[in-house]
Each structure stands twice: as structure tokens, then as C-alpha cells.
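Examining the three-dimensional arrangement
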Amino acid sequence: MKRLVICEKPSAAKSIASALGVTSGADGCFDGNGYLITWCIGHLVGLADAAAYDPKYKKWRYDDLPILPAPFRYEVAPEKAAQFHVLKKLMECEDVTELVNACDAGREGELIFRLVYEMAGCNKPFSRLWISSMEDSAIREGFQSLRPGREYDSLYQSALCRQKADWLIGINATRLFSVLYHRTLNVGRVQTPTLAMLAEREKNISLFRKEKYHHVRLTLDGVEAVSEKFADKEKAEAVKNACVQSAVICASVVREQKKDNPPKLYDLTTLQREANRIFGYTAKQVLEYAQSLYEKKLLTYPRTDSRCLTSDMAETASCVVHLAAKVPPFDACSDFFPDVLCMISDKDVSDHHAIIPTMELEKADVSALPVGERNTLLLVCCKLLCAAAEPHVYETVTASFDCGGHTFAAKGKTVIAEGWRGIDRIFRASLKEKPEDEGADSGMELSFMEGQTFENVPVSVTEHFTSPPKAYTEDTLLAAMERAGAEEMPEDAERKGLGTPATRASIIEKLVSGGFVERKGKSLVPTHAGMNLVAVLPEVLTSPMLTAEWEQQLNDIAKGRAPADSFMDGISAMACSLVQTYTHICEEGQKRFAPEKEVIGACPRCGRPVYEGRKNFACSDRACGFVLWKNDRFWTSRKKELTRKMAADLLKKGRTSVKGMWSEKRQDTYDAAVLLDDTGGKYINFKLEFEKKKPAIAGRNCKEVQTICRIMSTIRIILLPPLLPISANTTRASLWASG
């Protein structure tokens, strides 16, 4: 009798086979020690496309909406059918008495296994492997404490609801607004609110108008004391003049000791944010690097939203901390006494604990890893060491000065104990390129005393401008997605924000690939189409509240606190409401998504813009009638096509140079200038202008000309008539002149 273990990916199956001592493999599985270990390839089974319910749905038409399948149909991905048949055949084996769901321990992993299990028509009992690390020891411990698969039925129902709800709103809203606006407009419950945040930021940036302001500055022993802001420069100059002849008195010195506690460990979102800020990696890249490290047994499960560890991990965490401290550049840390207990909090851990390195770190050659994986692993090591270190203790000093009846302030900072920031500093010093926030916590020491007086202090006025909001980066966008809708959600809500740590990266990529967002350096900027999409969609689809409410309800379903049917009824009602509310779009609205045209030049008749069309270059004023046809007989007979550059030259200069035109008469090619000959008629005429051949001597330098003249003079003398009398006084010049 055998257990059939189904993993999510081949790499996971290989790791589990190794941990269980299963070495032989054939026909899409590993076999041995009472186990058959096989794998899916991600989602083998998914929801069928709309056309699977009725062929008429192949075309997108308003009259066919809403599409509400009952029941939903599932199908095997065509490119993955071979692997599905391998799994189905293994499930049907007579010596397989039990299955083990070893897919990733989360909502999507549960969905992947269950859909394959049901599509194959299997009814054999199954257990659930729930682990957070691919280390051999963690795998073996997991198999010793397998849980009944049916304990996760609620999690499966939650995953089904998420999948069906996204299908219903995605299919219906996307088709609805695409049909109305005659352009494919992808609508999703997470990506659309995310796009709305980007559009709002872009609008604020475009509407921003910078304002000038001024500061008056006193230079005191190399330290600057700064005044309040002055919008009026004359006011700032008046304050400066009042201070020029006045003494500066230190009115007060306020010292305050502060403490920065160690940071929490990484969940996926904070890892993606910091990797973007420090290395410039996209959220998708970071997830791929972390997943690869997980499969190499060097990191724990990355798709987590927890930033703490559980109490049963204290001993393991202590060992891993000491291993991380031996990895360069952290081996330079001295006097490091880790406190593991500060990372422990059972109540703050959901399905998976925070991301940390594994015990495999001891045997790993970190320097041999691909650069993206190496940097990601070092980042996780750094966070682990910082989280276990002592607090960063410092003293802030605020000195207030009085001069000419005006107040100035200088601020400084003195580090008392570096604590965890010392580890962070060592890590950042090892980087070839320093992150943008490097030095953000630095501050100079101040040693002023109350009552101290300064004479003849240099005074200056500096000019400044207010800054516009910054465009989102992946770092700041991920943070905004995580916080979105938090103010409106109840305090005890377990799931807030847009999407989940595991899905946010793919949402950003979908917006970019769909042409609604573009990357400009590190910035994420909505395109013209993205701005328009947000403008035409109803608030229910652009507000983060929709997905925040969905996630809360899905979490309640997963916990067994809410029925799945009522959730799906609400989703169906929402799809119907959208279709009934948006029945048509005004003509002006339909122009929103018309492709932006590039101006080729100015019309020579009326001066209005000339745009390129599929077959011509035409004046934007139809009444004008000016048009240059690409297939004009003038061009086709010469085997040439009127290009954008040629049209631009004709409009700007009235002529364009063309090479290689075909002569039907001579059966050969020639070069010439084509001149625009517009007589105001329906068709535009053209003229040819051939360049005149210049004398052969043209283009030669002075020495060449002189040499040619000497040669011609010599030839002329030689060829003189023999009867011409030549006297002793005859010169070459006179001979040449006489002809």
C-alpha cells in the first residue's frame, strides 16, 4: 500500500522525496519507501472561459451580459494536460490507498490540489502537509503530524469564492466597459483600485504649482540655525538686516534621549519594499528570488503576511541567528548578543511565520548564488540580525536662538548606542550602490549652552520651492496597497488592504503589461489609457473598500464563520447591477480611448495640424481637403512609398530628397528632389528637381587647383604655333595671355 503525495511544483516534489529517502523516479513521479511523490505545474485546472458555456460568448456584446454560470465549469489547461493525466493515473492505482496534499500551505495551494482531486474524480482519503520550510527536518516533522484534509474544507471554500468572484466581476466588468468604449479595458477588483491610486497621485502631481519661500540662516560655529518660512522675500531680507548688527543669544537647549526598537522580521510585502528601495528589484522579481531560495531550502515560506515567529521556534531561531552572523559582511559585527524572544509572538502569526533563513545556511555557499538571490538572502539575514539586536539609542538636541527679535532653531543628534542600526550600517556599507535613503538618520552633534552669546554672525537668505508629491515606486505603492481602506475597516478586521502579499506583485505586472501603467526608472506612472480607465469606471470598482471587504469576508469563510453561498449571491448581484446601470456611453466619452495622433506638420492651406492616417497624411480640418495619399500614382509609379519623414519635409520645407526612384522610361533608378506643387485642387501635384552637375574642379583644395593650372600652362606652351615669334623678353605669362 502506498501514499500518493501531490506537490505544487517539481522542485518541491524533489525536496520531499529527498527528505523521505525516495531516490528512484520515473513516469512523472518518485517511487519508494511506500510513497509515490508527484507534482502539479501550478494551476493544472482552472475555470473555463465564457465561450465554454455558449459559443455566442466568443463575441463580446452588451446584450449577452451579465454572464452568470450555474454551475461553474472547470477545464485542464491544454499545455498541462499531460501532467494532469499522470496525476489521474496515479490516483487510480489500486495500491494507492491515501493521498497527501503537499501543495504550498495557503489558500491557493489548497485550491490547486482540490481542483485536480475533483477533476480526476478521486474519492480516496487525503491528508494535509502544512509546513513553512523545505528543510529535510521540517518535511519529516510535517509528515509525522499530517492533518486530516477535511479540516481545510473552509479554506478551500474561501479559495473557490475568491476564484469565482474574480471571474464574475472580471469577465462582466471587462466586457461591459470594453464594449461601451470600443477598447479592451481590463477591470479587476484589485488592479483597478491600485490603478486609481496611481491616477490620483499623477493628478496631484500635474496639478501641483510650486510656491517659493525663504529661510534666514545664521552660521554659528559651523552649525546653521534656521528661521521660520517666509513667503515674502522682502520680509526675509528685513529679518536679515535686523540680525546683521545684532548679537545672537542661545535661548534654550533641549535634550531628549530616544530609542528605536529593533525592526520586525520580514513578511513578503516588507521584503519586496526594501529590496525595491535598496536594489531596485520589482516586486515580481523579489517573489521569484524568494521562491527560488525557498525551493533551495535556504529561506522559509515566502508568501506570508506575518512578521513574527512562534514560541516553538525559539531554539531554531537562536541557531539561525548565529549562522547568519557568520555570513559576510555580518561577520564584522562585534559584541553582538542576540535576543530571540523579542521576535516571538504567537498571536501575530497567521498561516505562516515571518521569513527567515534556514539551518541550511551553514552549508550554503552564499557567494555562489545568482546575484538577485544572493542579495535577497543577505537582506533577510540582515533583518534577522537587526530584529535580534539591541535598540538604537540616541539623543536629540534642539537649540533655540534669539537674534534681532526673531527666533532661529538648530537641531542635532548624538548616538549613544548604535544597537541594531550598526548591523544595518555594515550591510549597507558593503553594497556597491548606496540606497537612496542612505544617511537619512544622520545628524550632527550640537554643543551649545543656554545663555551663550555670538557676535558678528554671518546671516544669509536662502530661496526654496515647495516640492510636488513623488510618483509611486514599487516600494511606496506596495505600502499604499497594504494600507488601502484601513481607515474604513473595523479595528478587529484580520485582512486589510488591496490584495495579499502573494498577489500584489502580479497585480502591478498586469497593469504594466496591459498598457495602463509604465515604469519610468523606479517610478510607476499611469498612462493616458490608465488615467482614462479610472475616469470612466464607477467608484465601487475603483475604491479599495471593495477588495478590502472581499478579503475580510473570504477570511471569515476560511475560518468557518460565514457561509460561501451568501458571499457569491452578493457578487452575482453586483455584476447584474453594473450591467443594468451602464447601458450606453455618450459620443464624447467614447473618444477618451481614441489613439493619440502625432502631428506630422502644419497644413500649407489652412495652418491646422496634419495627422497620419492608415492611407494618407490629411489635414485635421475635413473642410480644408488637403491630403497627401501614400498610394498616389506619383509614388507608386516610381516604386516609392510616402513616408512620415518625407511628408514632414514636404509640409515644412515644401520639398524632400528621395533616392532610388524608378524610371519606367529608362528602366533605371535615379535621385531627385520632390517639390510640393499644391494648386488647391482635390489632388496634390508634385514636381521633380534634379541637382545640376558641378564642374569637376569643384570641391578641390587650393593646392590641387594650383597644380592643375601649372600643368595646363605647360601644355599650352608646348602646343603654341611654331611661326609665333619669341623674343628674349617673352615670359610664360605673356605667352599664356596671348593665347
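Every chain is numbered on its own, with residues counted from 1 as its sequence reads. This being a predicted model, a pLDDT of at least 70 is required before a residue's local features are given, and a value of 80 or more before pairs of side-chain atoms are given or counted; all residues contribute to the totals for chains, interfaces and linings. Note that the side-chain values use all heavy atoms of the structure and ignore hydrogens as well as water.

Secondary structure summary: the protein chain contains 23 helices and 26 strands in total. For the protein chain, the residues scored as buried account for 46% of the 739 residues in total. Contacts were defined at the residue level, with two residues in contact if any of their heavy atoms lie within 4.5 Å. Pairs at least 24 residues apart make up 70% of the contacts formed inside the protein chain by residues separated by at least 6 positions. Of the roughly 38,700 Å² that the protein chain leaves accessible, carbon and sulfur atoms contribute 50%. Helix and strand definitions here come from DSSP, where helices need a minimum of 4 consecutive H or I residues and strands a minimum of 2 consecutive E residues; each element is numbered from the N-terminal end. Each residue's exposure class comes from its accessible area (1.4 Å probe, protein chains only) as a fraction of the maximum for that residue type: buried when under 20%, exposed when over 50%, partly exposed otherwise. Where accessible areas are quoted, they stem from the Shrake-Rupley method and a 1.4 Å probe; at the residue level, only the protein chains shown are allowed to cover.

Moving on: the sheet that holds strand β3 (residues 29-32). Here, a strand pair is defined by DSSP locating no fewer than two bridges between the strands. The 7 strands are arranged β2-β3-β4-β1-β7-β8-β9 in an open sheet whose pairing can be described as mixed. Unpaired on one side and paired on the other, β2 (24-26) and β9 (147-148) mark the two borders of the sheet. Where β3 and strand β4 (residues 35-39) come together, 3 bridges link them in antiparallel fashion. Pairing of Gly32 across the sheet is with Tyr35, part of β4. Only the contacting stretch of a helix is used when fitting its axis, a line to C-alpha atoms as for every element, and angles between N-to-C directions run 0 to 180 degrees. Where helix α3 (residues 107-119) meets the sheet, it contacts β1 (2-7), β7 (96-102) and β8 (126-128), and its direction lies at approximately 150° from that of β7.

Relative to the assigned elements, Ser227 resides in the loop between β11 (223-226) and α7 (233-244). What makes Ser227 buried here is its relative accessible area of 9%. Side-chain atoms alone can form a polar contact between residues adjacent in sequence; in general such a contact is a pair of N or O atoms within 3.5 Å, and within protein one must be able to donate a hydrogen while the other accepts it. Within the local environment of Ser227, its side chain forms a polar contact with the backbone nitrogen of Val216, the two atoms lying 2.9 Å apart. In contact with Ser227, not counting residues within four places along its chain, are His215, Val216, Thr407 and Phe408.

Looking now at unusual backbone geometry. Cis geometry is adopted by the peptide bond preceding Pro66, which originates at Leu65 and carries an omega value of -5°. In this fold, Pro66 is placed in the loop between β5 (45-47) and β6 (74-76). Across the junction of Pro328 and Pro329, the peptide omega takes the value 5°, indicating a cis bond. Tracing the backbone shows Pro329 in the loop between α10 (314-324) and α11 (371-387). Positive phi outside glycine occurs at Lys639, with the angle close to 55°.

It is worth spelling out the state of the cysteines at this point. The term disulfide is used for any two cysteine sulfur atoms that are within 2.5 Å. The tally for this structure, following the rule as stated, stands at 0 disulfides. Cys403 supplies the cysteine sulfur nearest to Cys243, a cysteine that is in no disulfide, at a spacing of 3.5 Å. The thiol of Cys386 is not disulfide-bonded; the next cysteine sulfur, from Cys382, is found 4.0 Å away.

Turning next to the sheet that holds strand β17 (residues 472-473). By way of backbone hydrogen bonds, the strands of a sheet pair with one another, either parallel or antiparallel. As summarised here, the arrangement of the 3 strands in space is β17-β19-β18, forming an open sheet in which the pairing is antiparallel. Edge strands, defined here as strands with exactly one partner in the open sheet, are β17 and β18 (517-520). Summarising the sheet, β17 and strand β19 (residues 523-526) pair through 2 bridges and their orientation is antiparallel. Paired with Tyr472 across the two strands is Leu524, which belongs to β19.

To continue, consider the pattern of salt bridges. Salt bridges are defined as contacts in which a side-chain nitrogen from Lys or Arg sits within 4 Å of a carboxyl oxygen from Asp or Glu. One pass over the full model with this rule turns up 44 salt bridges. One salt bridge in this structure joins Arg61 and Asp64, with 3.1 Å as the shortest N-O distance. One salt bridge in this structure joins Glu551 and Arg189, with 3.4 Å as the shortest N-O distance. With Glu551 in helix α17 (residues 544-558) and Arg189 in the loop between α5 (153-181) and α6 (191-207), this pair connects stretches of sequence that are 362 residues apart. The buried category is assigned to Arg189, whose relative accessible area is 6%. Within this structure, Arg107, Glu108, Arg162, Asp166, Arg189 and Glu551 form a network of salt bridges that share partners.

The subject of this paragraph is helix α13 (residues 474-483). Across the 10 residues that make up α13, a large majority, 7, are buried. Those residues of α13 lying buried are Glu474, Asp475, Leu477, Leu478, Ala479, Ala480 and Met481.

Between α6 and helix α15 (residues 528-536), whose axes approach to 9 Å, the crossing angle comes to 110°. As the angle between them shows, α6 and α15 are arranged roughly perpendicular. Across the interface between the two elements, Leu195, Ala196, Ala199, Glu202 and Lys203 from α6 touch Gly530, Met531, Leu533 and Val534 from α15. Taken together, the residues that form the contact of α6 with α15 break down as 6 nonpolar, 1 polar and 2 charged. For classification purposes, an angle smaller than 35 degrees is called roughly parallel, one larger than 145 roughly antiparallel, one from 65 to 115 roughly perpendicular, and anything else oblique. Under the scheme applied here, ten amino acids are nonpolar (Ala, Val, Leu, Ile, Met, Phe, Trp, Tyr, Cys and Pro), four are charged (Asp, Glu, Lys and Arg), and all others, including Gly, are polar.

Before going further, it helps to spend a moment on the packing of aromatic side chains. Paired rings are identified among Phe, Tyr and Trp, the last through its six-membered ring, by centres lying within 6.5 Å, and are further divided according to the angle between planes into stacked (under 30 degrees), edge-to-face (over 60) and tilted (the rest). Under the defined criterion, the tally for this structure stands at 21 aromatic pairs. Plain terms: the ring middles of Tyr53 and Trp167 are 6.1 Å apart, the flat faces sit at 70° to each other, and that makes the pair edge-to-face. Taken together, the residues span a long stretch of sequence, with Tyr53 in the loop between β5 and β6 and Trp167 in helix α5 at a distance of 114 residues. We classify Tyr53 as buried; its relative accessible area is 18%. A relative accessible area of 10% means that Trp167 is categorised as buried. With 5.3 Å between their ring centres and 65° between their planes, Trp635 and Phe686 make a pair best called edge-to-face. Of this pair, Trp635 sits in helix α20 (residues 633-636) while Phe686 sits in strand β26 (residues 685-689), placing them 51 residues apart in sequence. Linked through ring pairs, Tyr53, Phe72 and Trp167 together constitute an aromatic cluster. Over the aromatic face of Tyr213 sits the side chain of Lys229, whose NZ or CZ is 4.4 Å from the ring centroid. Placement of a positive charge over a ring is assigned whenever Lys NZ or Arg CZ falls within 6 Å of the ring centre and within 35 degrees of the normal to the ring plane.

Moving on to the confidence of the model for the protein chain. When the pLDDT values of the protein chain are averaged, the result is 86; 89% of them are 70 or greater. Scored between 0 and 100, pLDDT is the confidence that the predictor attaches to each residue. Throughout residues 717-739 the model reports pLDDT below 50, and contacts reaching past four residues in sequence, or to other chains, amount to 8 contacts.

Let's shift gears to the packing of helix α9 (residues 283-295) against α11. Contact pair α9 / α11: the axes reach a minimum separation of 9 Å and the direction vectors enclose 80°. Between α9 and α11, the interaxial angle falls into the category roughly perpendicular. Between α9 and α11, the contacting residues are Tyr289, Ser292 and Leu293 on the first element and Gly372, Glu373, Thr376 and Leu377 on the second. Its residues assigned to classes, the contact of α9 with α11 comprises 3 nonpolar, 3 polar and 1 charged.

The subject of this paragraph is the environment of Ser154. Tracing the backbone through its elements, the reader meets Ser154 in helix α5. Ser154 sits in the partly exposed class, given a relative accessible area of 28%. Other than its neighbours up to four places away in sequence, Ser154 contacts Ile557, Ala558 and Gly560.

Let us now look at the side chain of Ser345. For Ser345, the location among the structural elements is in the loop between α10 and α11. Discounting residues that sit within four places of it in the chain, Ser345 has contacts with Cys308 and Leu309.

Time to look at the nonpolar core. Within soluble globular proteins, side chains that are nonpolar tend to cluster in buried spots. Among buried residues, those of type Ala, Val, Leu, Ile, Met, Phe, Trp, Tyr and Cys that are joined through side-chain atoms within 4.5 Å constitute a nonpolar core. Ranked by internal contacts, the top residues of the largest apolar core, which has 61 residues, are Trp167, Leu541 and Phe567. Of all the secondary structure elements, the ones that give two or more residues to this core are α5, α6, α13, α14 (504-513), α15, α17 and α18 (564-581). For this core, the element with the most residues is α5, which contributes 11 residues. When neighbours within four sequence positions are excluded, Phe567 is seen to be in contact with Cys161, Ala165, Trp550, Gln553, Leu554 and Ile557. Val286, Leu309, Val320 and Val380 belong to the second-largest nonpolar core, a separate cluster that totals 44 residues.

On to the pairing of strand β25 (residues 668-677). As paired elements, strand β24 (residues 655-663) and β25 share 7 bridges and run antiparallel to each other. Paired with Ser657 across the two strands is Ala673, which belongs to β25. Sheet topology places β25 next to β26; 5 bridges connect them, and they run antiparallel. Directly across from Leu675, in β26, lies its bridge partner Lys687.

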